[in-house]
Amino acid sequence: MTETAAGSEADFAHVQVGARRLGALLIGAGLIGLAAAIVLLVEKLELLVNPDYIPTCDVSPILSCGSVMTTPQAEAFGIPNPIIGIAGFAAVAVVGGAVLAGSGFRRWFWVGAQVGVTFAVVFVHWLIYQSLYVIGALCPYCMVVWAVTIPIFWYTTVYNLQHFQGSTPRWARQSIEIATGYHGVLLTAWVLLVITLIAARFWDYWISLM
Amino acid sequence: MSKNLALSLALIGVVGLILAGMLVWNSQDESSPEAVGDEPTAQLVREDSPRLSEGEEAVFVEYLDFECEGCLALYPVIEDLRDKYGDRVEFVVRHMPLHDNSVNAALAAEAAAEQGEFEAMYQRLFDSVDQWGHQSTSQAETFVGYADELGLDVDRFRADVNDPATLASIEQSRQDAQAFGVTGTPTLFLDGQRLEPTSVADLEASIEAALND
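Residues numbered from 1 in each chain as written. Chains lettered and ligands numbered in written order. Predicted model: local features only at pLDDT ≥ 70, side-chain atom pairs only at ≥ 80, totals over all residues.

Moving on: the UniProt feature "transmembrane region" (unreviewed entry) in chain A. Taking the UniProt record as the reference, the feature "transmembrane region" (unreviewed entry) is found at residues 22-42, 83-101, 108-128, 134-161 and 182-203 of chain A. Secondary structure across residues 22-42 of chain A comprises 100% helix and 0% strand; the distance between its end C-alpha atoms is 30 Å. (UniProt positions renumbered as here; feature names shortened; annotations may be inferred. Helix = DSSP H or I, 4+ residues; strand = E, 2+ residues; numbered from the N terminus.)

A few words on the interface of chain B and chain A. With 22 residues of chain B at the interface, the matching set in chain A holds 24 residues. Only helix 1 (3-36) and helix 8 (164-179) of chain B provide two or more residues apiece to the side of chain B that touches chain A. The residue inventory of the side of chain B that touches chain A, partitioned by class, reads eight nonpolar, eleven polar and three charged. (Contact = placed C-beta atoms within 7 Å. Nonpolar A, V, L, I, M, F, W, Y, C, P; charged D, E, K, R; others polar.)

Our next topic: helix 7 (residues 154-162) of chain B. Residue and element names in this part refer to chain B. Here helix 7 has its buried residues at Phe157, Asp160 and Val161. With its buried residues spanning 100° around the axis, helix 7 presents them on a single face. In this structure, helix 7 carries Asp155 and Asn162 as exposed residues pointing more than 90 degrees from its buried face. Elements that come into contact with the buried residues of helix 7 comprise helix 3 (102-114), helix 6 (140-149) and helix 8. (Buried ≥ 20, exposed ≤ 12 C-beta atoms within 10 Å, placed from the backbone. Arc of directions from axis to C-beta.)

Residues and elements named next belong to chain B. With respect to burial, strand 2 (residues 89-95) is a largely interior element, five of its seven residues being buried. Bridge count between strand 1 (residues 58-64) and strand 2: seven bridges; the pairing is parallel. Looking at the pairing, Leu64 lines up with His95 of strand 2. Handedness of the crossover is the feature at issue here: the chain leaves strand 1, passes through helix 2 (residues 69-85), returns alongside strand 2, and the resulting connection is right-handed. (Pairing = 2+ DSSP bridges. Right-handed = clockwise from strand over helix to strand, strands pointing away.)

Given below as structure tokens:
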């Protein structure tokens, strides 16, 4: 799982993550997330119509959405999570399109976007925790959502942080420099950490596949 | 190649190699004792699995979750079957907690079992599930109340509920369930064969058949 578009353009001294890169990432990740959320909602509806329906992603006891979709965690806010996903990822893709088309947003818009992606990444990590340690199963489509939400949050954050370069105390400026300078490495480390947790939690299962 | 890409690839390479190496190493480790075959990793029934009856002619296993609707619906059926066949069939309960409070409920049942009262707690949990089920808050205290009403030693009950070994046995049960392909509850086994009854009569016929073998 490599991070997308770690290209060589836009290597300006202080702008590591330019608008074009952010826009492309938001469109790509937003559309993938949207597709996963739609599939999850359709599977959920099938399951509601026919309780004996076996979701297409029920591969094994560990890799299964059937057991995950029917938990209370799948309706964390009283409505099925995929509904939140469809609205959220559609918004992400549209914002990405606007950024790519050259739209400049006022500061409050970026504040709102930051609040949104922060909510998303916190929610997704709660879901990762629930999936791994409480439910004990992995739902493949949900993992697609995890996989796109982390880069969406990360690159939106790095993009926004760039505006604070120079105007803050030294320690903060240095942190921002590291985050922006090593954005790809940090994202990779983050994703690898989640993969390692998944590998460790279901170690016996992975061994049984060998 | 930018430094971001190069470092990321290096990181992926290192973690990938470590994980792959451990996986290969562990799977070799695993295969040697398995070849001898003296210690199967998963068991349908374990020595410490709670029993509802001690009959010796057949073994009936139910993987259940005290909070699951299907298990609640099956509960009176199992009670009837126990009445009828309990002296000949061993009814074993195994945990497969899937809901908010089902782990707490399973812990309560196991802690009651430590005091020889599994059956009483099992019945109490199903009888009063409309009071504690489908709540997002922990019902652990409700279960302590049940223990008290059942005349159990409450301090010992609390200690057993909080004992990591109790949780470990439930986790073990869940892992066994997964190893046997149990993905939902209730899932039934009779003499090691998975049952998929479509009616109560069906279930009874399977038990009759096992007893007449």
